[in-house]
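# Close look at the chain arrangement
Letter by letter, the chains look like this.
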Amino acid sequence: MKKLLLLLLPFLSVTLFGQQKVYRPERFEQDVMNVKRIRDVYKPYSVVQLKDGKEESKDFEIETKKVIYDFNQFARSKNVKFEEFAFRPYRFIPVQILAQPDGSIDYFIYGFQYGLYGGGMRMANDSLNAEEQKIFVGIADEFCKNYKLPVNEYNKKYSINFNISLGKEPRKLSKKGISTIELAQNCDQPDTVKNLILNKLNLEKFPEVVFRFKNLEKLDLSANYIQQIPQEIWSLKKLKFLSLSGNRIDYSNFKFKRNKHLKDLNLQFTEMAKMPKSLKKNRKLEILFVGNNPIKFATNDFKRMSNLKALNLYNVRTSTLPKSIGRLKNLEELDLYHNELQFLPKEICQLPKLKTLAVANNQLWNLPEEISKMSNLQTLYAHHNRLNTLPSLPNLKLLDIGYNLFKVFPEQVYQLKDLEEFDITHNEIMEIPEGLIALNKLQKVFIRGNEFYKTDKPDEKLTKLTDSLEKRQVMVR
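In this report, the structure presented in the accompanying data block is examined. (Residues numbered from 1 in each chain as written. Predicted model: local features only at pLDDT ≥ 70, side-chain atom pairs only at ≥ 80, totals over all residues. Heavy atoms only, no water.)

## Some details on the overall build of the chain
- Each helix and strand in the chain was counted, giving seven helices and 20 strands.
- Classification of the 477 residues of the chain by burial places 50% in the buried group.
- Counting only contacts in the chain whose residues sit at least 6 apart along the sequence, the fraction spanning at least 24 positions is 43%.
- In the structure as shown, the chain presents an accessible area of about 24,000 Å², 49% of it carried by carbon and sulfur atoms. (Helix = DSSP H or I, 4+ residues; strand = E, 2+ residues; numbered from the N terminus. Buried < 20%, exposed > 50% of the residue type's maximum accessible area, 1.4 Å probe, protein only. Contact = heavy atoms within 4.5 Å. Areas by Shrake-Rupley, 256 points an atom, 1.4 Å probe, with all protein chains shown as cover.)

## What to know about the sheet that holds strand β6 (residues 105–110)
- Read from one edge of the open sheet, five strands run β1-β6-β5-β7-β2, paired in mixed fashion. Each end of this open sheet is capped by a strand with a single partner; those strands are β1 (22–23) and β2 (43–44).
- Bridge count for β1 against β6 is two bridges, and the pairing is parallel. When the sheet's bridge partners are listed, Val22 is paired in β6 with Phe108.
- Lying over the sheet, helix α4 (residues 61–77) contacts β5 (91–99), β6 and β7 (158–166), oriented at roughly 50 degrees with respect to β7. (Pairing = 2+ DSSP bridges. Axes fitted to C-alpha atoms, helices over the stretch in contact; angles between N-to-C directions.)

## Side note on the packing of α4 against helix α5 (residues 130–146)
- Close contact between α4 and α5 brings their axes to 10 Å; oriented N to C, the two are set at 115 degrees. α5 is crossed by α4, and the crossing has right-handed handedness. Here Val67, Asp70, Phe71, Phe74 and Ala75 of α4 lie close against α5, whose contacting residues are Phe136, Ile139, Ala140, Glu142 and Phe143.
- Each residue belonging to the contact of α4 with α5 can be placed in one class, and the counts come to eight nonpolar, no polar and two charged. (Left-handed = near helix turned anticlockwise from the far one by under 90°. Nonpolar A, V, L, I, M, F, W, Y, C, P; charged D, E, K, R; others polar.)

## Some points on the pattern of salt bridges
- Under the criterion given, the structure shown has twelve salt bridges.
- With a shortest N-O distance of 2.8 Å, Asp70 and Lys66 are connected by a salt bridge. One end of the pair is Asp70 and the other is Lys66, both in helix α4 and four residues apart, which spans about a single turn.
- For Lys148, the salt bridge is made with Asp102, and the minimal N-O distance between the two is 3.6 Å. Here Asp102 lies in the loop between β5 and β6 and Lys148 lies in the loop between α5 and β7, a separation of 46 residues in the sequence.
- Connected through salt bridges with shared partners, the residues Lys66, Asp70 and Arg248 form a single ionic network. (Salt bridge = Lys/Arg side-chain N within 4 Å of Asp/Glu carboxyl O.)

## Overview of helix α7 (residues 460–471)
- Given a rise of 1.5 Å per residue, twelve residues ought to cover 16 Å, and the 16 Å separating the end C-alpha atoms of α7 matches this to within 8%.
- Where α7 is concerned, the buried positions are Leu462, Leu465, Thr466 and Leu469. The arc that holds the buried residues of α7, viewed along the axis, is 95 degrees, so those residues lie on one side. Across from the buried face of α7, at angles greater than 90 degrees, the exposed residues are Glu460, Lys464 and Lys471.
- Just beyond α7, the residue with positive phi is Gln473, at close to 65 degrees. (Expected span 1.5 Å × (residues − 1). Arc of directions from axis to C-beta.)

## Remarks on unusual backbone geometry
- A positive phi angle, near 60 degrees, is found at Asn202, a position not held by glycine.
- Classification of Asn202 as partly exposed rests on a relative accessible area of 26%.

## Considering the packing of aromatic side chains
- Summed over all chains, the structure comprises 23 aromatic pairs.
- Summarising the aromatic geometry, the rings of Phe28 and Tyr107 are spaced 5.0 Å apart at their centres and angled 65 degrees between planes, so their arrangement reads as edge-to-face. Taken together, the residues Phe28 in helix α2 (residues 25–31) and Tyr107 in strand β6 connect sequence positions 79 residues apart.
- You can call Phe28 buried: its relative accessible area is 0%.
- Centre to centre, the rings of Phe82 and Phe136 are 5.6 Å apart; their planes meet at 50 degrees, and the pair counts as tilted. Taken together, the positions of Phe82 in the loop between α4 and β5 and Phe136 in helix α5 put the pair 54 residues apart, joining distant regions of the chain. (Phe/Tyr/Trp six-rings, centres within 6.5 Å; stacked < 30°, edge-to-face > 60°.)

## Some remarks on α4
- Across its 17 residues, α4 extends 24 Å between first and last C-alpha, which sits within 8% of the 24 Å expected from 1.5 Å per residue.
- Looking only at α4, the buried set comprises Ile62, Glu63, Thr64, Val67, Tyr69, Asp70, Phe71, Asn72, Phe74, Ala75 and Arg76.
- Phi turns positive one or two residues past the end of α4, at Asn79, with a value near 65 degrees.

Here you go:
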């Protein structure tokens, strides 16, 4: 550590001049701005203006992960690896960054203080010794001067919060496979190994030891710093599961080869900007996770992926879906959580085997009429949208339409004779949904947060409904 500090002295000297940007919370509050003013001036990213004038925070998962990754990569470029801060067990340090609308960083606040981080108390795992603190502050200061966060499209100053890991995160050895590089190198029976679990090892290069295991079926390299994936990976002819999630993959050099073995692929948080055309060569692929990437879809992205059974497009920030999504004739699960969809293409309703459709946390004003023809659809998550009406629905078992704009209870729900779980919380419904009593298969009902709950005295009809359902062992909330 002393040798590292000497190497960094010229770099650290920069912090002695110019505007200070890096603070412990107590010094920041004392010298710059108090807690109340922070919240008044810097809004949580990003602020969405709703029609009624209220504001709500928007999910910032992709950008936060990117900032954490970039901060660690910047430190590595200065020969600093936070996992080598190993004087004590694994710990983390909380960070709050305050930024201008254009993404330029005003302040970098690190560490706990009561009230500044949601009431969190100062904790032992927040402590840095003197050498560590000098290094961390120097890295943070230079990072602030050279890095820009995403532009805030709402033209407001904003803040983001996250944790930076220090020391090596404890990992349990996998009972179902090899989980360290050392064990992989020392294995004397590589042909018997089917699972390699090499996630969270801070790997910067693809581990060549992987190719010792010719019969490998599962390879998990998630949450590392790998960018280049060798084409030799396709020589593993029995590989069924591959996770590269959390690595910043260079897709310009990583090409998918035609194969008949890969069935489960996870490419989340890999900075994927578009669907690789070569991905279609994985004709046997059944499970594909590409969520948490800022993807711009092309018209035919899903044209030749007819074997897919599960597709994860969580938080890809798309406002439209390609029509080729209707080609996924074997799809059973579709996850579209946390996007910017204002409508669903009718092609989704042409998926004959779809059982679960998750479209929550979008901007949907309605659902397509064609959804009634989806005879195999059993589960529909559509909460946190702008729905105020429903079309005829297939015979669902689970329906969640909480946090929408319903003012009148949708009569279509009363037709769902197989409904087991129903959520319509936090809408604006006045009348009490007495017809729920007739749904004999109900097990859970969530109806709070509507206008009929906001009376001083318990309504007799509501009491009767609740009592009747609870006598049948239905959970009512």
